[in-house]
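# Descriptive structure summary
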Amino acid sequence: MTAFSSCRILQPVSDTASYSAATNEHPINTNNTGSRRKRNVGSHTKFWKPGKTLKIAMYNASDEAIEEVRAAASEWLPYVNLTFDFVKGDIGDIRIFLNRPDGIEASQIGTDALIDDIGGTDEQRRGPSMYLNWTPGSHRFRFVVLHEFGHALGALHAHQHPNSDIPWDVPNTYRHCAQTFGWDKSVVDANILPLLLSDQFTYQPYDGDSVMHYEIPNEWTVGYWGQSESWAISNGDIAMMRNAYPKD
Ligand SMILES: [Zn+2]
């Protein structure tokens with residue numbers, strides 16, 4: 001048994017499709033700063049256009065489940081210039097499927113959820129962009145919704161910050177994740193280990209208290225470095241979202 005469950009970022013079908021979806025939605029996602037005009041597909045942000053009403057479809061959810069998701073997700077709203085519109089059915093900017101049989105909890109990053117709308121098949125277009133495990137009365141569910149909606153709003157994993165001070169034990173992290181989650185190295189690279197430093201981004205400081213930070217078990221690090229889950233939006237999370245979604 002695992003001591004905790006970990007979310008997986010749903011990867012786009014291609015970096016080119018991801019880049020098109022992000023820049024069609026909001027040109028600032030190109031991250032071209034100043035005179036640096038290098039167009040580097042794969043290192044762009046994926047934020048929604050500020051001021052947008054995000055339609056959030058919940059396919060198979062009861063009114064009770066929709067209300068729990070809405071209540072938790074809405075904790076982001078004071079910090080973003082966005083509106084959420086929850087609907088039943090399968091048509092939405094964000095599409096949530098509850099209780100996938102294999103138990104995976106996952107989300108696409110921001111505008112990657114639009115990719116299927118610009119060239120996918122009808123079936124893909126109605127595909128989920130987020131998976132949540134819901135059981136009535138689960139205390140952890142609120143945290144999971146906060147974390148997955150962070151992804152859906154364009155946030156990456158805080159523990160993957162290129163400048164974190166986490167003393168990773170990389171070989172042991174691969175070994176532990178294979179044993180615990182059945183994850184191969186590519187999944188570990190995509191979800192746990194540090195991302196490459198990109199000169200295209202303006203980084204917020206590393207934030208160990210972020211709701212986007214995994215619990216870091218002892219097996220993943222050298223020495224006694226550890227980090228537990230933080231079940232609330234942090235000041236760093238607020239700064240990141242306010243920067244991405246400024247008020248008019
Ligand atoms: Zn995650």
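Residues numbered from 1 in each chain as written. Predicted model: local features only at pLDDT ≥ 70, side-chain atom pairs only at ≥ 80, totals over all residues. Heavy atoms only, no water.

On to the coordination of the zinc ion. The zinc ion binds to the protein through C7 (SG), H147 (NE2), H151 (NE2) and H157 (NE2), with metal-donor distances spanning 2.0 to 2.1 Å. Of note is the zinc ion, whose 4 donor atoms meet at the metal with angles of 98 to 120° in an arrangement that counts as tetrahedral. In the primary structure, the donors to the zinc ion are separated according to the pattern C-x139-H-x3-H-x5-H. Of the two residues, H147 is situated in helix α4 (residues 141–152) and H157 in the loop between α4 and α5 (170–181); the sequence distance between them amounts to 10 residues. Judged by its relative accessible area of 3%, H157 falls in the buried class. (Donors = N, O, S within 2.8 Å, 3.2 Å for Na, K, Ca; no water. Tetrahedral: all angles 85-135°; square planar, octahedral: opposite > 155°, others 65-115°. Helix = DSSP H or I, 4+ residues; strand = E, 2+ residues; numbered from the N terminus. Buried < 20%, exposed > 50% of the residue type's maximum accessible area, 1.4 Å probe, protein only.)

Let's shift gears to the pairing of strand β2 (residues 53–58). Sheet analysis places β2 next to strand β3 (residues 83–88), joined by 6 bridges and oriented parallel. Bridge pairing in β3 links K55 to D85. Handedness of the crossover joining β2 and β3 through helix α2 (residues 63–73): right-handed. As defined by bridge partners, β2 adjoins strand β4 (residues 94–98) across 3 bridges and the pair is classed as parallel. Opposite A57, over in β4, you have R95 as the bridge partner. (Pairing = 2+ DSSP bridges. Right-handed = clockwise from strand over helix to strand, strands pointing away.)

So, about the pattern of salt bridges. Overall, the coordinates contain 7 salt bridges when judged by the stated rule. Ionic pairing is found between D63 and K88, a salt bridge with its closest N-O pair at 2.9 Å. With a gap of 25 residues between them, D63 in helix α2 and K88 in strand β3 connect regions that are remote in the sequence. In terms of burial, D63 and K88 fall into one category: exposed. Among the ionic pairs, R140 bridges to E229, the shortest N-O distance being 2.6 Å. With a gap of 89 residues between them, R140 in the loop between β6 (130–132) and α4 and E229 in the loop between α6 (185–191) and α7 (235–244) connect regions that are remote in the sequence. Judged by its relative accessible area of 21%, R140 is partly exposed. Judged by its relative accessible area of 18%, E229 is buried. (Salt bridge = Lys/Arg side-chain N within 4 Å of Asp/Glu carboxyl O.)

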